[in-house]
Amino acid sequence: MGTRRPLMEGTLDKAHKPAVSRTPRFDLAAQGMRHLGAVQWNLTAPYLYEHAIRRHEGELGYGGSFVANTGKHTGRSPRDKYIVNEPGTKDTVWWGDINQPIEPARFDSLHQRMLAYLQGRELFVQDLYAGADPDYRLPVRVISDHAWHSLFARNMFIRPPAAELQDFEPAFTILHAPNFRAIPELDGIRSETFILVNFASRLVLIGGTRYAGEIKKSVFGYLNFVLPTRDVLPMHCSANVGPKGDCAIFFGLSGTGKTTLSADASRTLIGDDEHGWSPRGIFNFEGGCYAKVINLSPTAEPEIYDTITRFGTVLENVVLDPVTRMPDVDDGSLTENTRACYPLDFIPNADQHGMAPHPKNVIMLTCDAFGVMPPIAKLSAEQAMYHFLSGYTAQVAGTEVGLGKEPKAVFSTCFGAPFMPRHPSEYAKMLGERIARFKADCWLVNTGWSGGAYGVGNRMAIAHTRALLRAVLDGTLAGAPMRQDPNFGFLVPESVPEIPGNVLDPRGTWPDSGAYDEVARNLRGRFEANFGKYEPFVDNEVKRAAIRAAA
């Protein structure tokens, strides 16, 4: 499964047939939608381009990318997401600041107003799959009154063969109207922006934001809720496979390097962001990639860089040169969270089947803004569960509404707290069982700062990170001599090929070792304070692996 497969002919899809735009048997009327304008079904990229340009939704970039500006919402709005509190969710959802409840009546009221708003409007519908493994595949329908969001959805998810579209029946539907706004005092929510999730009716309502990532993450959130009941661990991770069939998965939040580090020309890419770990292996949830492209390097990240000038790619909030319309990926004037959305097969070494064996290596990526974590550490199974629950990283500017220009050190459990409806201990337990059953090696890799905190030190060189990962994936580090880190307890290699010795010792990179010790003590205290809310739900082995504040 690790060997490369030839790409299918036609990089966009094979759906350029008139039959594709026919109305399926299970149409919008069957979903309570009536008195609509023109409904465009499963249009391919050329048609969606034409509609999007006609409707002034964006502009063409050099080489053929479609460039959209999402306005004030240049990232997700996690505080505007709500889950309907009903019998199926009352005792299973991890309620709190992340998973906020809303009553069924309020959901229904907003749904009816949204249906009324869409009457007479032109709609774009995509019938798609989420999940490369047919045994766990979710039929998804995305309904939007914006053509470019329809193209985004078509890029992001798996496009069914044309023959399957006539009888397509969604198991999950996203109703998307970015210019429709809620009435906070009537709807009982905090703003005009809303992402409302109803697991019982398998329906998501999105309004008040043009940021397309809300569509993608709504599907991920639904799978995160339903798949654990089918013995599948949903994961916010990328995955690739080596020539010998060895699979690796990379956990990490936005900005930690999931997409960049998994798009390795020497390995086959399974997917860049969301996967399931089933009893028979790893499978991608998606059919595309949603890569962050700020300061993208054509030399360090050539596979991703090549996509920004390709027909079919959607660029979000990327500034164009006013004369050549060449995308300027170094311009963050609109947001640091600039994005490229493209089909998976735009990456030359991508696996078209989206499935892989059980992983040999589990890699957790962190972006340490304090600059005190080593560039790589080996974790025991218990330490891996602990760091999975902790999810320490730096939240990179622009990924969510309300962040400033500097990264903020945060703990995001499961390396994806905003997308996890169930209690984190459920996911952590499933991960620990799989690590033990399949004897995976576990690693923590810091792609953040060294030699000082953000603003003082320097970001880890991507060449060093790639060399460290090569040593992990080819087995060099599995039995290498290690020393125990005195602050965090995990094992750090004493030497790694191609890596200068001082890089492996974060304390030695600081000009003031006393300052390093103080910052490290502070971070240990943060780890301990954060873990308190998960400690009652884990066993004694994981508790012993926890990082504690200095005495």
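Residues numbered from 1 in each chain as written. Predicted model: local features only at pLDDT ≥ 70, side-chain atom pairs only at ≥ 80, totals over all residues. Heavy atoms only, no water.

### A look at the overall build of the protein
1) Next: Each helix and strand in the protein was counted, giving 13 helices and 30 strands.
2) Next: Taking the principal axes of the C-alpha coordinates as reference, the protein spans close to 70 × 50 × 45 Å.
3) Next: Looking at the protein residue by residue over its 551 residues, the buried ones come to 61%.
4) Next: Pairs at least 24 apart in sequence give 74% of the contacts found in the protein among residues at least 6 apart. (Helix = DSSP H or I, 4+ residues; strand = E, 2+ residues; numbered from the N terminus. Buried < 20%, exposed > 50% of the residue type's maximum accessible area, 1.4 Å probe, protein only. Contact = heavy atoms within 4.5 Å.)

### Focus on the pattern of salt bridges
Between side chains of opposite charge, a pair can form as their charged atoms come close.
1) Next: Tallied over the entire structure, the rule returns 26 salt bridges.
2) Next: Among the ionic pairs, Lys216 bridges to Glu286, the shortest N-O distance being 2.6 Å. Residue Lys216 is located in helix H5 (residues 213-226), and its partner Glu286 is located in the loop between strand S15 (281-284) and strand S16 (288-292); the two are separated by 70 residues in the primary sequence. The pair Lys216 / Glu286 is uniform in exposure class, with both members buried.
3) Next: Linking Arg422 and Glu426 is a salt bridge whose minimum nitrogen-to-oxygen distance equals 3.7 Å.
4) Next: On the basis of relative accessibility, which here comes to 8%, the residue Arg422 falls in the buried class.
5) Next: A relative accessible area of 33% places Glu426 in the partly exposed class. (Salt bridge = Lys/Arg side-chain N within 4 Å of Asp/Glu carboxyl O.)

### Topic: the nonpolar core
1) Next: Core analysis: the largest hydrophobic core is formed by 102 residues, its most contacted members being Ile249, Phe251, Val362, Met364 and Phe388.
2) Next: Beyond its immediate sequence surroundings of up to four residues, Met364 is in contact with Phe251, Leu379, Ala384, His387, Phe388, Phe415, Leu431, Trp443, Leu444 and Val445.
3) Next: One finds Met33, Ile102, Leu123 and Ala182 within the second-largest nonpolar core, a separate group that totals 24 residues. (Core = buried A, V, L, I, M, F, W, Y, C linked by side-chain atoms within 4.5 Å.)

### Some points on the packing of helix H8 (residues 381-390) against helix H9 (residues 424-438)
1) Next: The geometry of H8 relative to H9 is characterised by a closest axis approach of 9 Å and an angle of 155° between their N-to-C directions. By the criterion of interaxial angle, the relationship of H8 to H9 is roughly antiparallel. When you trace H8 past H9, the crossing you get is right-handed. Along its contact with H8, which presents Ala381, Ala384, Met385, Phe388 and Leu389, the element H9 presents Pro424, Ser425, Tyr427, Ala428, Lys429, Leu431, Gly432 and Ile435. (Axes fitted to C-alpha atoms, helices over the stretch in contact; angles between N-to-C directions. Parallel < 35°, antiparallel > 145°, perpendicular 65-115°, else oblique. Left-handed = near helix turned anticlockwise from the far one by under 90°.)

### Observations concerning the sheet that holds S16
1) Next: Reading across the sheet, the 5 strands line up as S2-S3-S17-S20-S16 and stay open at both edges, with mixed pairing between neighbours. Each edge of the sheet is formed by a strand with only one pairing partner; in this case those strands are strand S2 (59-60) and S16.
2) Next: Inspection of the sheet shows strand S3 (residues 66-68) paired to strand S17 (residues 314-316) by 3 bridges, in the parallel sense. Residue pairing for S17: Phe66 is matched across the bridge by Val314. (Pairing = 2+ DSSP bridges.)

### Looking at the sheet that holds strand S6 (residues 123-130)
1) Next: Reading across the sheet, the 8 strands line up as S1-S6-S7-S8-S10-S9-S4-S5 and stay open at both edges, with mixed pairing between neighbours. A single partner strand is all that each edge strand has here, and the edge strands are strand S1 (39-41) and strand S5 (100-102). Between one strand and the next, the sheet's axes are offset by a mean angle of 25°, whatever the strand orientation.
2) Next: One ladder, built from 5 bridges, connects strand S9 (residues 194-198) with strand S10 (residues 203-207); its direction is antiparallel. What sits directly across from Val197, in S10, is Val204.

### Details of the packing of aromatic side chains
1) Next: In the structure shown here, the tally under the stated rule is 27 aromatic pairs.
2) Next: Ring geometry for Trp510 and Tyr516: centres 5.7 Å apart, planes at 80°, overall edge-to-face.
3) Next: Residue classification places Tyr516 among the buried positions, given a relative accessible area of 2%.
4) Next: Three or more aromatic residues joined by ring pairs form one cluster here, namely Tyr386, Tyr392, Phe411, Phe488, Phe490, Phe527, Phe531 and Tyr534.
5) Next: Over the ring of Tyr117 we find Arg121, and its NZ or CZ is 3.9 Å from the ring centre.
6) Next: Against the face of Tyr290 rests Arg339, its NZ or CZ located 4.9 Å from the ring centre. (Phe/Tyr/Trp six-rings, centres within 6.5 Å; stacked < 30°, edge-to-face > 60°. Lys NZ or Arg CZ within 6 Å of the ring centre and 35° of its normal.)

### Overview of the state of the cysteines
1) Next: For the structure shown, the criterion picks out 0 disulfides.
2) Next: This cysteine, Cys367, is not joined by any disulfide, and Cys237 carries the nearest cysteine sulfur, 18 Å off.
3) Next: Overall, Cys367 belongs to the buried group, its relative accessible area being 1%.
4) Next: As a non-bridged cysteine, Cys442 has Cys237 as the owner of its nearest cysteine sulfur, 13 Å distant.
5) Next: For Cys442, a relative accessible area of 2% corresponds to the buried category. (Disulfide = S-S within 2.5 Å.)

On their own, these measurements won't tell you what the molecule is for.
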